[in-house]
Amino acid sequence: NVLILDFGSQYTQLIARRVRELNIYSEIKPYNKLPEDLSDYKAVILSGSPSSVRSEQAPHPDLSDIKGKKPLLGICYGAQYLSHFHGGNVAPSATREYGRANLSYVNSEDDFLQDIGEGSQVWMSHSDTIKELPEGAIRLASTHDVENAAYKIDGEATYGIQFHPEVYHTTDGTKLLENFLVNIAGLEQDWTPDAFVETTVEELKEEIGDEKVILGLSGGVDSSVAAMLLHKAIGDHLHCIFVNNGLLRKNEFESVLDQYKHMGLNVKGVDASARFLDALKGESDPEGKRKIIGRVFIEVFDDESHKVENAKWLAQGTIYPDRIESVSASGGPSAVIKSHHNVGGLPDYMKLKVVEPLKMLFKDEVRRVGASMEMSPEILGRHPFPGPGLGIRILGDITPEKVAILQEVDAIFVDGLKKWGLYDKVWQAGAMLLPVDSVGVMGDERTYEKCVALRAVESTDGMTADWVNLPYEFLQKTSNDIINKVKGVNRVVYDISSKPPATIEWE
Ligand code: XMP
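For clarity, every value in this text was computed on a predicted model and none was experimentally measured.

## Re the domain arrangement of the protein chain
The domain boundaries assigned to the protein chain delineate domain 1 (2-184), domain 2 (193-380) and domain 3 (400-494). Each of domain 1 and domain 2 has a C-alpha centre, and the two are 38 Å apart. On the domain 2 side, the residues contacting the 17 residues of domain 1 number ten residues. Of all the elements in the fold, those that place two or more residues in the side of domain 1 that touches domain 2 are helix H1 (12-21) and strand E2 (26-30). Among the elements that line the side of domain 1 that touches domain 2, the one with the most residues is H1, at three residues.

See below:
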């Protein structure tokens, strides 16, 4: 187990992911919440930070239980911090150093830089630099502009590097982390999806015993993988509820329900379309619609869960990025929990204990765990789809007719992406029904009908996104199909806006 101490760097999560790609488990903690019991951690990594070590407000945690006692790697700010307080000198660099650099000197005698040669590309992002190394330090690498790009403290397993091994552009970054964690810290590379499934299933059995668990399935990857793990642990004591809010994709309710049943899940499909659409009547404000859909969902779910007698647990598909406590942007001591759509949705009248089998996994790990349980690629590769569904893709008020039109348009678009082999190249895609009527000529007649917008984006986490350059031939065929097949639509446009500023959903 590796402890990553977060000083507020934008790259901290990437460090954790790189470590886990080496099949070594890692956890992130804010620098001001150092765990009291460090015995589980075999190595510690200090992240970068937007602060300068020379500032009084900068993070200055007490590392006396770590430094010299456990293998320790400081990255960027972390390396500067280890220098600054141990006899080194950190000062502003003459030029701020951002981006590409190459190692011009490498001390290959030390295990740390094994198999990493001179010329290797590294990625810098700092404005302070280590002018003098701390006491007892040995320089291990330099670049043209940064003399002390890597160092170690003699006689300790303490290392510092000025560049960022966690970013893609540091070519040998993963190798360097492997050298530190495996060769120096002696960690085993045994954190694999299979091992995760095995230990999690055992833990769930232990924790839940023969009590009953309720889980809301959404059709998405997270809730499906969470359900599968629980199913392996407790079988039919897991009661899954899959609600049709009337705003799902075309045929999604039936086909997903079918897939869940094939997986052996004890799942009940609840068609509450009418209840949702009724409650939404006349509401055109995006947040208003979200609130109604959220409220009705809780009502329906609550009704259904009361039908499961003596349920004691509520399972949720919460994943690690939803829960990581982050250091506030100012670098100050306050730690905030990121808010997320899926966190905190539990009404307190549902007095159930919460179980979250995926709470330590990143999204890509959830997929790998699902694959190791032989879940279908169709479920594991499904695009994200918002909880309020088509409700926030119909701009303005929602009617059953508009839902039906948008379901047809969306199905043509998404099926087309699959047929053309484009689906897996896109992170998320969908169609928006615009509150715009425009003129068309169809045959000899003038029509005044709806306009739809198609959106397909590339992203890693939905926080930033760019539109996908879909082939013209595909767009041409899709537009034709939509206009010819969907009554009420006479115009199709493609959204070529990036996020920021344009959010993925139009509402
Ligand atoms: P935006 O539109 O904010 O979307 O760029 C980012 C990601 O979040 C999804 N999204 C939602 N998911 N409830 C959800 O569960 C919501 O209200 C909601 N709004 C947006 C969106 O589909 C995208 O993946």
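## Overview of the sheet that holds strand E12 (residues 267-271)
Spatial strand order, E12-E11-E10-E13-E16: five strands in an open sheet with parallel pairing. The sheet is open, and its two borders are formed by E12 and strand E16 (353-355), each paired with just one other strand. Mean inter-strand twist for the sheet, computed between neighbouring axes without regard to direction, equals 30°. Inspection of the sheet shows strand E11 (residues 238-244) paired to E12 by five bridges, in the parallel sense. Residue pairing across strands places Phe 242 opposite Gly 269, the latter belonging to E12.

## A few points about the site of the ligand
In the vicinity of the ligand there are twelve residues, among which Pro 386, Gly 387, Thr 503, Ile 504 and Glu 505 approach most closely. Residue classes in the shell around the ligand are distributed as four nonpolar, five polar and three charged.

## With respect to helix H4 (residues 193-208)
Its 16 residues give H4 an end-to-end C-alpha distance of 22 Å, which sits within 8% of 22 Å, the value for a rise of 1.5 Å per residue. Listed in full, the buried residues belonging to H4 are Phe 196, Thr 200, Leu 204 and Ile 208. Along the long axis of H4, the arc covered by the buried residues comes to 60°, so they all point the same way. Of the residues in H4, the exposed ones pointing more than 90 degrees away from the buried face are Asp 194, Thr 199, Glu 202 and Glu 206. Looking at the buried residues of H4, the elements they touch are strand E10 (212-217), helix H5 (221-234), strand E13 (311-315), E16 and helix H10 (363-372).

## Regarding the packing of H5 against H10
Contact pair H5 / H10: the axes reach a minimum separation of 10 Å and the direction vectors enclose 45°. Put simply, H5 runs oblique to H10. Seen along the crossing, H5 lies across H10 with a hand that is left-handed. Residues Val 221, Asp 222, Val 225 and Met 228 of H5 lie in contact with H10, whose contacting residues are Val 366, Arg 367, Val 369 and Gly 370. Counted by class, the contact of H5 with H10 contains five nonpolar, one polar and two charged residues.

## Focus: the UniProt feature "binding site: ATP" (unreviewed entry) in the protein chain
Here the UniProt-annotated "binding site: ATP" (unreviewed entry) positions come out as Ser 218, Gly 219, Gly 220, Val 221, Asp 222, Ser 223 and Ser 224. Within the secondary structure, Gly 219 sits in the loop between E10 and H5. The exposure class assigned to Gly 219 is buried, which follows from the 20 C-beta atoms found within 10 Å. Not counting residues up to four positions away in its chain, the partners in contact with Gly 219 are Glu 252 and Val 256. Summarising the element assignment, Ser 224 is placed in helix H5. Judged by the 26 C-beta atoms lying within 10 Å of it, Ser 224 is buried. Not counting residues up to four positions away in its chain, the partners in contact with Ser 224 are Leu 217, Met 375 and Ile 379.

## Describing unusual backbone geometry
Leave glycine aside and you will find that most residues have negative phi; peptide bonds, for their part, are mostly trans. Along the chain, Lys 499 connects to Pro 500 via a cis peptide bond; the corresponding omega equals -5°. Tracing the backbone shows Pro 500 in the segment after strand E20 (489-494). Of note in the backbone geometry, Cys 76 takes a positive phi value of approximately 55° without being a glycine. Examined against the element boundaries, Cys 76 turns out to sit in the loop between strand E4 (72-75) and helix H2 (77-84). The backbone of Asn 310 sits at a positive phi, close to 65°, despite the residue not being glycine. Note that Asn 310 resides in the loop between helix H8 (286-307) and E13. When the 6 C-beta atoms within 10 Å are taken as the criterion, Asn 310 is described as exposed.

## What to know about the confidence of the model for the protein chain
Looking at the protein chain, pLDDT values average 93 and 95% of them are 70 or higher. Note on residues 329-344: pLDDT under 50 across the span, and 27 contacts to partners over four residues away in sequence or across chains. Overall fold confidence (pTM) sits at 0.85, and the ipTM for the predicted complex is 0.99.

Parameters at a glance
- Residues numbered from 1 in each chain as written.
- Predicted model: local features only at pLDDT ≥ 70, side-chain atom pairs only at ≥ 80, totals over all residues.
- Domains from an automatic or database assignment.
- Contact = placed C-beta atoms within 7 Å.
- Helix = DSSP H or I, 4+ residues; strand = E, 2+ residues; numbered from the N terminus.
- Pairing = 2+ DSSP bridges.
- Axes fitted to C-alpha atoms, helices over the stretch in contact; angles between N-to-C directions.
- Near = placed C-beta within 6 Å.
- Nonpolar A, V, L, I, M, F, W, Y, C, P; charged D, E, K, R; others polar.
- Expected span 1.5 Å × (residues − 1).
- Buried ≥ 20, exposed ≤ 12 C-beta atoms within 10 Å, placed from the backbone.
- Arc of directions from axis to C-beta.
- Parallel < 35°, antiparallel > 145°, perpendicular 65-115°, else oblique.
- Left-handed = near helix turned anticlockwise from the far one by under 90°.
- UniProt positions renumbered as here; feature names shortened; annotations may be inferred.
- pLDDT = per-residue confidence, 0-100.

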